[in-house]
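Structural characterization, general
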Amino acid sequence: MTGTAYVGPAGQRRAVFAVDEDAALAALEKAWADDGHHAFSADHGTWSAIGSAGQVLTGSTPDELDRNIRAHWRALQG
């Protein structure tokens, strides 16, 4: 399934299911930066976050990365 949607007044097109990387990275940083995760990035389909202890968590989508961060956080809580 593919499609396009209009984005902005300039008529730029983006695939309907394409992720706005800047918005997703900002949301991840807002949600997790206070809990020790820093350096969020999206590179060639891999989303990642680096924790303050140097651990690297990854996911293939922003949602998967968020789930992995949550699981890691829960594991640290005991």
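This text follows the structure it describes.
Below or above, wherever it landed, is the structure these notes cover.

Rules and cut-offs
Residues numbered from 1 in each chain as written. Predicted model: local features only at pLDDT ≥ 70, side-chain atom pairs only at ≥ 80, totals over all residues. Heavy atoms only, no water. Helix = DSSP H or I, 4+ residues; strand = E, 2+ residues; numbered from the N terminus. Buried < 20%, exposed > 50% of the residue type's maximum accessible area, 1.4 Å probe, protein only. Contact = heavy atoms within 4.5 Å. Areas by Shrake-Rupley, 256 points an atom, 1.4 Å probe, with all protein chains shown as cover. Polar contact = N/O pair within 3.5 Å; in protein donor to acceptor, adjacent residues only side chain to side chain. Core = buried A, V, L, I, M, F, W, Y, C linked by side-chain atoms within 4.5 Å. Axes fitted to C-alpha atoms, helices over the stretch in contact; angles between N-to-C directions. Parallel < 35°, antiparallel > 145°, perpendicular 65-115°, else oblique. Left-handed = near helix turned anticlockwise from the far one by under 90°. Nonpolar A, V, L, I, M, F, W, Y, C, P; charged D, E, K, R; others polar.

On a plain count of helices and strands, the chain comes out with two helices and five strands. When burial is assessed residue by residue, the chain has 22% of its 78 residues classed as buried. Considering only intrachain contacts with a sequence separation of at least 6, the fraction spanning at least 24 residues in the chain is 17%. Here the chain has roughly 5,500 Å² of accessible surface; of this, 52% comes from carbon and sulfur atoms.

Take the side chain of Ser48 next. Tracing the chain through its elements places Ser48 in strand S4 (residues 46-51). There is a polar contact of 2.8 Å between the side chain of Ser48 and the side chain of Ser41. When near neighbours in sequence (up to four residues on either side) are disregarded, Ser48 contacts Ala39, Phe40, Ser41, Val56, Leu57, Thr58 and Leu65.

So, on to the nonpolar core. One finds Ala24, Leu25, Leu28, Trp32, Phe40, Trp47, Ala49, Leu57, Leu65 and Ile69 forming the largest nonpolar core, which totals ten residues. Going through the elements one at a time, helix H1 (21-32), S4 and helix H2 (62-77) are the ones with two or more residues in this core. Looking at this core element by element, the count peaks at four residues for H1.

Across the interface, H1 lies against H2 with an axial gap of 11 Å and an inter-helix angle of 15 degrees. As the angle between them shows, H1 and H2 are arranged roughly parallel. The chirality of how H1 crosses H2 is right-handed. Contacts between H1 and H2 involve Ala24, Leu28 and Trp32 on the former and, on the latter, Pro62, Leu65, Asp66, Ile69, Arg70 and Trp73. Tallied by class, residues from the contact of H1 with H2 come to seven nonpolar, no polar and two charged.

Purely geometric numbers; function is a separate question.
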